[in-house]
Amino acid sequence: MNEISYAQSSLVEEDRPVTTTERVVAEVWAEVLNLDEVGRHDNFFDLGGHSVLATQAVARLCVALDRQLPERALFDWPTVTTLAAAVPGYPAAEQVAPIRRR
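What you are looking at is a predicted structure, and each value in this text was computed from that prediction instead of being measured. (Residues numbered from 1 in each chain as written. Predicted model: local features only at pLDDT ≥ 70, side-chain atom pairs only at ≥ 80, totals over all residues. Heavy atoms only, no water.)

## Overview of helix H2 (residues 51-65)
Part 1 of the argument: With 15 residues, H2 extends 20 Å from end C-alpha to end C-alpha; this agrees with the ideal 21 Å at 1.5 Å per step.
Part 2 of the argument: Where the residues of H2 are buried, they touch helix H1 (20-33), helix H3 (73-76) and helix H4 (80-86).
Part 3 of the argument: Phi for aspartate 66, located one or two positions after H2, is positive at around 55 degrees. (Helix = DSSP H or I, 4+ residues; strand = E, 2+ residues; numbered from the N terminus. Expected span 1.5 Å × (residues − 1). Contact = heavy atoms within 4.5 Å.)

Structure, rendered in structure tokens:
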């Protein structure tokens, strides 16, 4: 993932992601939506997101945040801030046992 440098960001101070989780969510959204940066109060769907991109974003967030987020997470929590605040309420990703070859 390409980390965004918020020190050189064009976002106003109040809209820059604050927490680590907000930064991860904003970076994933920027990547999926092909944007330079995403602010903490931006709405995924207002930025051009749709159901297919939401599915891609949630899949990437599950890996990046090591959480089991449901596919509808972005529909329930459509801003960076609201989704980041909801993440601790979701269970940690379980370790999947490797497939054994016979």
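Don't stop here, the text continues.
## Here we look at the packing of aromatic side chains
Part 1 of the argument: Scanning the model with the defined rule gives three aromatic pairs in all.
Part 2 of the argument: Measuring from centroid to centroid gives 5.2 Å for phenylalanine 44 and phenylalanine 45, while their planes differ by 85 degrees, and the two rings are edge-to-face.
Part 3 of the argument: In this structure an aromatic cluster arises from ring pairing among Trp29, Phe44, Phe45 and Phe75. (Phe/Tyr/Trp six-rings, centres within 6.5 Å; stacked < 30°, edge-to-face > 60°.)

## Examining the packing of H1 against H2
Part 1 of the argument: Relative to each other, H1 and H2 sit at 140 degrees, their axes nearing to 10 Å. Judged by the inter-axis angle, H1 sits oblique to H2. Considering only the axes of H1 and H2, their crossing is right-handed. Residues Thr21, Val24, Val25, Val28, Trp29, Glu31, Val32 and Leu33 of H1 form the contact with H2, whose own contacting residues are Leu53, Gln56, Ala57, Arg60, Leu61, Ala64 and Leu65.
Part 2 of the argument: Within the contact of H1 with H2, the residues separate by chemical class into eleven nonpolar, two polar and two charged. (Axes fitted to C-alpha atoms, helices over the stretch in contact; angles between N-to-C directions. Parallel < 35°, antiparallel > 145°, perpendicular 65-115°, else oblique. Left-handed = near helix turned anticlockwise from the far one by under 90°. Nonpolar A, V, L, I, M, F, W, Y, C, P; charged D, E, K, R; others polar.)

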